[in-house]
Amino acid sequence: MDEPSASSSLPQRTGFFDKVPDRLTSDEEEEEEQAPPDEKEAVSPPDQDFIRLKAVSQDGQEVVFKIRHETPLKKLMEAYCKNRGLAPAQIRFLYDGERIQGSSTPTSLEMEEGDIIDVVLQQTGGF
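Rules used in this analysis
- Residues numbered from 1 in each chain as written.
- Predicted model: local features only at pLDDT ≥ 70, side-chain atom pairs only at ≥ 80, totals over all residues.
- Heavy atoms only, no water.
- Phe/Tyr/Trp six-rings, centres within 6.5 Å; stacked < 30°, edge-to-face > 60°.
- Helix = DSSP H or I, 4+ residues; strand = E, 2+ residues; numbered from the N terminus.
- Buried < 20%, exposed > 50% of the residue type's maximum accessible area, 1.4 Å probe, protein only.
- Lys NZ or Arg CZ within 6 Å of the ring centre and 35° of its normal.
- Pairing = 2+ DSSP bridges.
- Contact = heavy atoms within 4.5 Å.
- Axes fitted to C-alpha atoms, helices over the stretch in contact; angles between N-to-C directions.
- Salt bridge = Lys/Arg side-chain N within 4 Å of Asp/Glu carboxyl O.
- Core = buried A, V, L, I, M, F, W, Y, C linked by side-chain atoms within 4.5 Å.

Enquirer: Would you mind showing me how to read the packing of aromatic side chains here?
Expert: By convention here, two paired aromatic rings are described through the distance between centres and the angle between planes. Inspection of the entire model under this criterion finds one aromatic pair. Ring centres of tyrosine 80 and phenylalanine 93 lie 5.7 Å apart, and the angle between their planes is 85 degrees; on these two criteria the pair is classed as edge-to-face. One end of the pair, tyrosine 80, is in helix 4 (residues 73-84); the other, phenylalanine 93, is in strand 3 (residues 91-95), and 13 residues separate them in sequence. Just as tyrosine 80 is buried, phenylalanine 93 falls in that class too. The positively charged end of lysine 66 is found above the aromatic ring belonging to phenylalanine 50, 5.2 Å away from the centroid.

What follows is the structure in structure tokens.
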């Protein structure tokens with residue numbers, strides 16, 4: 001006589017794990033799979049709106065800033081002064097040898113990724 005196998009003697013249960021798909025995907029993967037090919041290409045990388053600039057002091061210390069292309073450079077200047085504990089009236093910011101105005105933007109000065117802003121102490125008097 002055939003003996004029942006061990007698996008057939010147990011009652012069949014259905015539960016949570018029976019419903020788990022073979023391959024788990026995150027919500028993002030599912031959205032990408034469902035999106036038409038044109039929409040995938042239309043999404044721009046998040047860093048495309050930003051530019052990284054280096055502020056380099058006279059003693060060679062560098063501070064890297066990541067800002068938007070249309071952000072006034074006044075924000076970068078204020079952040080640099082706060083970070084270094086300096087008063088804005090004490091220093092000047094130069095790009096390509098020209099003083100940067102607070103209302104200027106990276107776009108208006110035609111700055112590119114990795115450009116350097118020179119930070120110098122203000123000098124009064126002569127000689």
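Enquirer: Is there a simple way to explain unusual backbone geometry in this structure?
Expert: Working note: non-glycine residues mostly have negative phi, and peptide bonds are mostly trans. Here the phi dihedral of aspartate 96 falls at roughly 55 degrees; this positive angle occurs in a residue that is not glycine. Among the secondary structure elements, aspartate 96 is positioned in the loop between strand 3 and strand 4 (98-99).

Enquirer: Would you take a moment to explain the sheet that holds strand 1 (residues 50-57) for this structure?
Expert: In sheet architecture, strand pairing relies on hydrogen bonds along the backbone and comes in two forms, parallel and antiparallel. Here we have five strands laid out as an open sheet, ordered 2-1-5-3-4, and mixed in their pairing. With one partner strand each, in any of the chains shown, strand 2 (62-68) and strand 4 form the two edges of the open sheet. Across the sheet, helix 4 lies against strand 1, strand 2, strand 3 and strand 5 (116-121), angled at about 145 degrees from strand 2, the strand it touches most.

Enquirer: How do you make sense of the pattern of salt bridges when you look at a structure like this?
Expert: Pairing is possible between side chains of opposite charge, provided their charged atoms come close. Under the counting rule described, the total for this entry stands at three salt bridges. Between lysine 54 and glutamate 62 there is a salt bridge, and its shortest N-O distance comes to 3.8 Å. Taking relative accessible area as the criterion, lysine 54 reaches 29% and is therefore assigned partly exposed. According to the relative accessible area criterion, glutamate 62 is partly exposed, its value standing at 47%.

Enquirer: How do you make sense of the nonpolar core when you look at a structure like this?
Expert: Nonpolar side chains tend toward joint burial in soluble globular proteins. Leu53, Leu73, Tyr80, Phe93, Ile100 and Met111 are the most contacted members of the largest nonpolar core, which has 18 residues in total. Counting only elements with at least two residues in this core, the list comes to strand 1, strand 2, helix 4, strand 3 and strand 5. Sorting elements by how many residues they give to this core places helix 4 first, with five residues. Here isoleucine 100 is in contact with Leu73, Met77, Phe93, Leu94, Tyr95, Leu109, Met111 and Ile117, once residues within four sequence places are set aside.

Enquirer: Just checking my understanding: could you explain the side chain of threonine 105 for this structure?
Expert: With respect to the helices and strands, the residue threonine 105 is situated in the loop between strand 4 and strand 5. Among the residues examined, threonine 105 registers a relative accessible area of 11% and is labelled buried. Every residue in contact with threonine 105, bar those within four places of it in the chain, is listed here: His69, Glu70, Thr71, Pro72 and Leu73.

Enquirer: Any chance you could explain the environment of arginine 99 here in plain terms?
Expert: Along the polypeptide, arginine 99 turns up in strand 4. In contact with arginine 99, not counting residues within four places along its chain, are Arg92, Phe93 and Leu94.

Enquirer: Where do I start with the pairing of strand 2 in this structure?
Expert: Here is the key point about a regular strand: its side chains alternate between the two faces of the sheet. Judged by which residues are buried, strand 2 turns out to be one-sided: Val63, Phe65 and Ile67 face inward and are buried, whereas Glu62, Val64, Lys66 and Arg68, on the alternate face, are not. In terms of strand pairing, strand 1 meets strand 2 through seven bridges, oriented antiparallel. Across the sheet, residue alanine 55 finds its bridge partner in strand 2, namely valine 63. Turn length for the strand 1-strand 2 hairpin, with the two strands adjacent in sequence and antiparallel, is four residues, and the turn residue glycine 60 shows positive phi of about 90 degrees.

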